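Below are the chains, spelled out letter by letter.
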Amino acid sequence: MANQHSIREKKEYREKFQRLLSSTSGEERGTWSALICGHLSRWISLNNEIRVIATYASLDTEANLSALHLSLKEEYEFAYPLVSGKELTFHVVPHPDQLQRGSFNILEPDYRRHRILKADSIDLCLCPGIAFTPDGARLGRGKAFYDSYLPLLNQEALRVGIALEPQIHDYLPTEKHDILMTHIASPSGVRPTPEAAD
């Protein structure tokens, strides 16, 4: 049973960061997104273990990673999330133009066209969120899709939290089941968290 205080505190933090993100301009988010994509592209290129990348199609207040897919599409396999009921799956999408508008008005794969990817075949999972700490804590949107999916990844998989400038905070409420990120990617670069050393 989830701790009621933690649930309340997470709700308050979600509302706080959602207000903060909504106050940023499209131009600011575009600049931050371009910096993040540049840092990730260089970092991924230096990591020979990465071949299969789980990414996402962004909401308005999230970092847009479409430029990353376009810059690396010839060398890596990219997969996007699909929500069906309470289940999250990832499907291989060769080009972001093939995504279609779906659940929660988010661009997503077509399960009839894009093959499903086994969780344990993912080398790098780029994780959206409302906020992150430098230590790797992630605050999601409260739907628990990523909380349910991340434990299915293989132990060597890299979990990178994608954070715009205002999304990094020294403290976030967490619970025992929360999965920590191994790295945080922000406009300042890609930084390992203490979890990466374990």
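Heads up: the structure comes first, above all this text.
Let me begin by describing the structure that accompanies this report. Here the structure is a predicted model, which is why all the values come from computation and not from measurement. (Residues numbered from 1 in each chain as written. Predicted model: local features only at pLDDT ≥ 70, side-chain atom pairs only at ≥ 80, totals over all residues. Heavy atoms only, no water.)

Looking at the nonpolar core
For step 1, the next point in the chain: Formed by 50 residues in total, the largest nonpolar core has its most connected members in Leu 40, Trp 43, Ile 44, Leu 65, Leu 124, Leu 126 and Ile 162.
For step 2, the next point in the chain: Examining the composition of this core, we find that 6 residues originate from one element, helix H2 (residues 26-45), more than from any other. (Core = buried A, V, L, I, M, F, W, Y, C linked by side-chain atoms within 4.5 Å. Buried < 20%, exposed > 50% of the residue type's maximum accessible area, 1.4 Å probe, protein only. Helix = DSSP H or I, 4+ residues; strand = E, 2+ residues; numbered from the N terminus.)

Concerning the sheet that holds strand E6 (residues 116-117)
For step 1, the next point in the chain: Spatial ordering of the open sheet is given by E6-E3-E2-E1-E7-E10-E11-E12, a layout of 8 strands whose pairing is mixed. Only two strands of the sheet have a single neighbouring strand rather than two, namely E6 and strand E12 (189-192). (Pairing = 2+ DSSP bridges.)

Quick word on the packing of aromatic side chains
For step 1, the next point in the chain: Tallied over the entire structure, the rule returns 4 aromatic pairs.
For step 2, the next point in the chain: Between Tyr 13 and Phe 17, the aromatic rings sit 6.5 Å apart at their centres with planes inclined by 25 degrees, giving stacked as the arrangement. In this pair, Tyr 13 and Phe 17 both sit in helix H1 (residues 4-22), 4 residues apart, roughly one turn of the helix. The exposure classification of Tyr 13 matches that of Phe 17, with both residues buried.
For step 3, the next point in the chain: Centre to centre, the rings of Phe 90 and Tyr 146 are 6.3 Å apart; their planes meet at 75 degrees, and the pair counts as edge-to-face. With Phe 90 in strand E3 (residues 87-92) and Tyr 146 in helix H4 (residues 145-149), the pair connects residues that are 56 residues apart, well separated along the chain.
For step 4, the next point in the chain: On the basis of relative accessible area, Tyr 146 is assigned to the buried category, the value being 9%.
For step 5, the next point in the chain: One aromatic cluster is present, built from ring pairs that chain together Tyr 13, Phe 17 and Tyr 171. (Phe/Tyr/Trp six-rings, centres within 6.5 Å; stacked < 30°, edge-to-face > 60°.)

Here we look at H2
For step 1, the next point in the chain: Counted at 1.5 Å a residue, the expected span for H2 with its 20 residues is 28 Å, and the 28 Å between its end C-alpha atoms agrees.
For step 2, the next point in the chain: When H2 is considered as a whole, its buried residues turn out to be Arg 29, Trp 32, Ser 33, Ile 36, Cys 37, His 39, Leu 40, Ser 41, Trp 43 and Ile 44. (Expected span 1.5 Å × (residues − 1).)

Concerning the pattern of salt bridges
For step 1, the next point in the chain: By the definition in use, this model includes 8 salt bridges.
For step 2, the next point in the chain: Here Glu 74 ties to Lys 73 by a salt bridge, and the two come within 3.7 Å at their closest N and O atoms.
For step 3, the next point in the chain: Glu 77 is the salt-bridge partner of Arg 115, the closest N and O atoms lying 2.5 Å from each other. Of this pair, Arg 115 sits in the loop between strand E5 (107-108) and E6 while Glu 77 sits in strand E2 (residues 77-84), placing them 38 residues apart in sequence.
For step 4, the next point in the chain: Put simply, Lys 10, Glu 175 and Asp 178 are held in one network by salt bridges that share partners. (Salt bridge = Lys/Arg side-chain N within 4 Å of Asp/Glu carboxyl O.)

Regarding the pairing of strand E10 (residues 158-162)
For step 1, the next point in the chain: Buried residues dominate E10, accounting for 5 of its 5 residues.
For step 2, the next point in the chain: Of the two faces of E10, the one carrying Leu 158, Val 160 and Ile 162 and the one carrying Arg 159 and Gly 161 are both buried.
For step 3, the next point in the chain: Of the strand pairs in this sheet, E10 and strand E11 (residues 183-186) are connected by 3 bridges, and their pairing is parallel. Among the inter-strand pairings, Ile 162 is bridged to a residue of E11, identified as Ala 185.

Brief notes about the pairing of E12
For step 1, the next point in the chain: Here E11 pairs with E12 via 4 bridges, running antiparallel. Paired with Ile 184 across the strands is Arg 191, a residue of E12.
For step 2, the next point in the chain: Two successive antiparallel strands, E11 and E12, enclose a turn made up of 2 residues.

As for unusual backbone geometry
For step 1, the next point in the chain: At Ala 144, a position not held by glycine, the phi torsion is positive, near 70 degrees.
For step 2, the next point in the chain: Of note, Ala 144 is situated in the loop between strand E9 (138-139) and H4.
For step 3, the next point in the chain: Classification of Ala 144 by relative accessible area gives partly exposed; the value is 35%.

None of the figures reported here should be taken as evidence of function without further support.
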